[in-house]
Amino acid sequence: MVIGGNGEVGRLIASLLAADGDTVLTLDPVAPTAARPGIAHLVGDIVDPDAEARAVLRATPLVVLAVPESVAMETELTFLGARSLLVETLSVKSGFARKVDAADPPGSILGINPMFAPSLGMDGRPVAAVVHRDGSAVENFLGRISDWGGRVVHVDAEQHDRLAAATQALTHAAVLAFGSALAKLEVDPRLIDSLAPPPATTLLALVDRVTSGEPAVYWDVQAGNPYAGRARDALAESLQELNEIVTSESETDFTSFMGQAGAAVPNHTAYRALCTRLFGIVRGNAHEGDRS
């Protein structure tokens, strides 16, 4: 059963399970708009499941909880059987980890977080894995993720949230801040499109992708992660530091600031090559200037 089967993550996992030949049932308060091969649907609310939903949950060996954190934290875990596996897909893990410890439910419990938009597909992309309660079913499911092409990265709940704050909350905040700042400059967007060099073009693409997404998803990343506030503070502090360096007219301090920023990159050769490839794509698909 995939709870929240109408959401993007729920649809992705339900489709992958169905493609493996599993019998898949989704549970969601709203019926899907179109039928999907190999996937049946049950209308219901996991926070207040009716008798039919409870009966199915008790008999289901694999339950995927693909819901927002607010729903997951209200979900009772008493439906789990001793041989069942619950897989949660939350973007924040530490709160749910505490819930598991307090409830001490039966069965195995695994947390995963596909670190990419579900529409991109799993092939070759990282999937964070947090084992809340281990068991053979956990390894089996992680093996299936690998078979689907996902790259499993094991972390604990706190590590996950710290890394998500650094790679998701910080990134989204920087992208949104760039778009907001650009709007405040009141520059003709058509001229920006004509003259933007590759870094600006790439950032514009990121702004468009983030702002066209589901706000609730990005809200969970910013508001739910206990380390996201520090990530935003670090971004604000760095911008303030840069502004003070330029105001002081110290080119030496500016050079040092650039060095500090570059030290955050783990593999200069690989990332410089990646940037060259990205800018090659930008050159072929959007207007750009000649300077980077």
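Moving on to the pattern of salt bridges. Taken as a whole and judged by the stated rule, the model has seven salt bridges. The shortest N-O distance in the salt bridge between Arg144 and Asp22 comes to 3.0 Å. With Arg144 in helix α5 (residues 136-147) and Asp22 in the loop between α1 (8-19) and β2 (24-28), this residue pair connects regions lying 122 residues apart in the sequence. Of the residues examined, Arg144 reaches a relative accessible area of 15% and is grouped as buried. One salt bridge in this structure joins Glu158 and Arg162, with 3.2 Å as the shortest N-O distance. You can see Glu158 and its partner Arg162 sitting in helix α6 (residues 157-184), four residues apart, about one turn around the helix. Salt bridges sharing common partners tie together Asp20, Asp22 and Arg144.

On the surface, a cluster of nonpolar side chains totalling about 420 Å² of accessible area is made up of Val265, Tyr271, Leu274, Leu278 and Ile281. Note on placement: Tyr271 falls in helix α12 (residues 268-285). By relative accessible area, which is 46% here, Tyr271 ends up partly exposed.

This next bit is on a negative patch on the surface. Judged by side-chain charge, Asp45, Asp48, Asp50, Glu52 and Glu74 come together as a negatively charged surface patch. Looking at the element boundaries, Asp45 is found in the loop between β3 (39-43) and α2 (51-59). Owing to a relative accessible area of 37%, Asp45 belongs among the partly exposed residues under this scheme.

Rules used in this analysis
- Counting from 1, residues in each chain are numbered in the order their sequence is written.
- For a predicted model such as this one, the threshold for reporting local features is a pLDDT of at least 70, and the threshold for listing and counting side-chain atom pairs is 80 or more; totals across whole chains, interfaces and linings nevertheless cover every residue.
- Water and hydrogen atoms play no part in the side-chain values, which are based on all heavy atoms of the structure.
- When a carboxyl oxygen of Asp or Glu lies within 4 Å of a side-chain nitrogen of Lys or Arg, that pair is called a salt bridge.
- Under the DSSP-based scheme used, a helix requires at least four consecutive residues in state H or I and a strand at least two consecutive residues in state E, with every element numbered from the N terminus.
- Buried means the residue's accessible area, taken with a 1.4 Å probe over protein chains only, is under 20% of the maximum for its type, while exposed means over 50%, and partly exposed covers the values in between.
- Distance thresholds for patches are 9 Å for like charges and 5 Å for nonpolar side chains (Val, Leu, Ile, Met, Phe, Trp, Tyr), applied to residues having over 30% relative accessible area and no salt bridge.
- For every accessible area listed, the method is Shrake-Rupley and the probe measures 1.4 Å; residues are considered covered only by the protein chains on display.
- Under the counting rule used here, the positive set is Lys and Arg, the negative set is Asp and Glu, and His together with the chain ends is not counted.
- A charged residue contributes its charge at one atom only: NZ of Lys, CZ of Arg, CG of Asp or CD of Glu.

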